[in-house]
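Coordinates in review
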Amino acid sequence: MALHLAIEDAPSYLDDIDESDDAHGRLPEHEDDYDWDMCSDLFFQDHDVLMLFNARFDGIEDPAGEVNQHLRIGDLRRNNWFEPFGNTPVRDPGRGFRR
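Residues numbered from 1 in each chain as written. Predicted model: local features only at pLDDT ≥ 70, side-chain atom pairs only at ≥ 80, totals over all residues. Heavy atoms only, no water.

1. Some details on the pattern of salt bridges
What the rule picks out here adds up to one salt bridge. Across the pair Arg77 and Asp75 runs a salt bridge, and its minimum N-O distance is 2.7 Å. Judged by relative accessible area, which is 28%, Asp75 ranks as partly exposed. (Salt bridge = Lys/Arg side-chain N within 4 Å of Asp/Glu carboxyl O. Buried < 20%, exposed > 50% of the residue type's maximum accessible area, 1.4 Å probe, protein only.)

Structure below.
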């Protein structure tokens, strides 16, 4: 959810860039810079979790629910939020971190 919010807010932060600080301008440029929709598409398999924040979809998190089953959403109950999707490989927990 934090990443969804960060991508949503990111465009407004461009207005806050200090023009006198050239650190941002020294970054390599790419034609897809600031394509926030593409970020959202690349970083998420789907956006079903966003339905949890809309009162119209109350109960959508339950995989036994009729609408959930019709849309093939899966289990969006909070105990499953950090479980990996079944169709993607899990990253090796011993991979280490780059710093």
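We are not done yet, so read on.
2. Topic: the layout of surface pockets
Rolled over the atoms, a probe as big as a water molecule pinpoints where empty space is left. Quantified by volume, the largest pocket comes out at close to 900 Å³. As for the largest pocket, its lining consists of 25 residues, of which Asn80, Trp81, Phe82, Glu83 and Phe85 are closest to the centre. When grouped by side-chain class, the residues that make up the lining of the largest pocket number 14 nonpolar, five polar and six charged. (1 Å grid on protein atoms, 1.4 Å probe; cavity = no way out; pocket = protein on both sides within 12 Å on 5 of 7 lines; lining within 4 Å. Points joined across faces, edges and corners; volume = space filled by probe spheres on them. Nonpolar A, V, L, I, M, F, W, Y, C, P; charged D, E, K, R; others polar.)

3. Focus on helix α1 (residues 2–13)
Helical geometry: 3.6 residues make up each α-helical turn, so side chains three or four residues apart lie on a common side. Counted at 1.5 Å a residue, the expected span for α1 with its 12 residues is 16 Å, and the 16 Å between its end C-alpha atoms agrees. Among the residues of α1, those classed as buried are His4, Ile7 and Ala10. What you see down the axis of α1 is that its buried residues fit within an arc of 115°, all on one side. Across from the buried face of α1, at angles greater than 90 degrees, the exposed residues are Ala2 and Tyr13. (Helix = DSSP H or I, 4+ residues; strand = E, 2+ residues; numbered from the N terminus. Expected span 1.5 Å × (residues − 1). Arc of directions from axis to C-beta.)

4. Here we look at the environment of Met51
Structurally, the position occupied by Met51 is in the loop between α2 (36–43) and α3 (66–71). Residues Met51 and Thr88, 37 residues apart in the sequence, show an inter-C-alpha distance of 22 Å. Not counting residues within four places of it along the chain, the set of residues in contact with Met51 comprises Phe57, Ile60 and Ile73. (Contact = heavy atoms within 4.5 Å.)

5. Examining the packing of α1 against α2
The description of two helices packed together rests on the angle between their axes and the distance between the axes. Where α1 contacts α2, the two axes come as close as 10 Å, and the packing angle between them is 170°. The pairing of α1 with α2 is recorded here as roughly antiparallel in orientation. On the side of α1, the interface is formed by Leu3, Ile7, Ala10 and Pro11, while α2 contributes Trp36, Cys39, Ser40 and Phe43. Looking at side-chain class alone, the contact of α1 with α2 contains seven nonpolar, one polar and no charged residues. (Axes fitted to C-alpha atoms, helices over the stretch in contact; angles between N-to-C directions. Parallel < 35°, antiparallel > 145°, perpendicular 65-115°, else oblique.)

These values are about where atoms sit, not about what they do.
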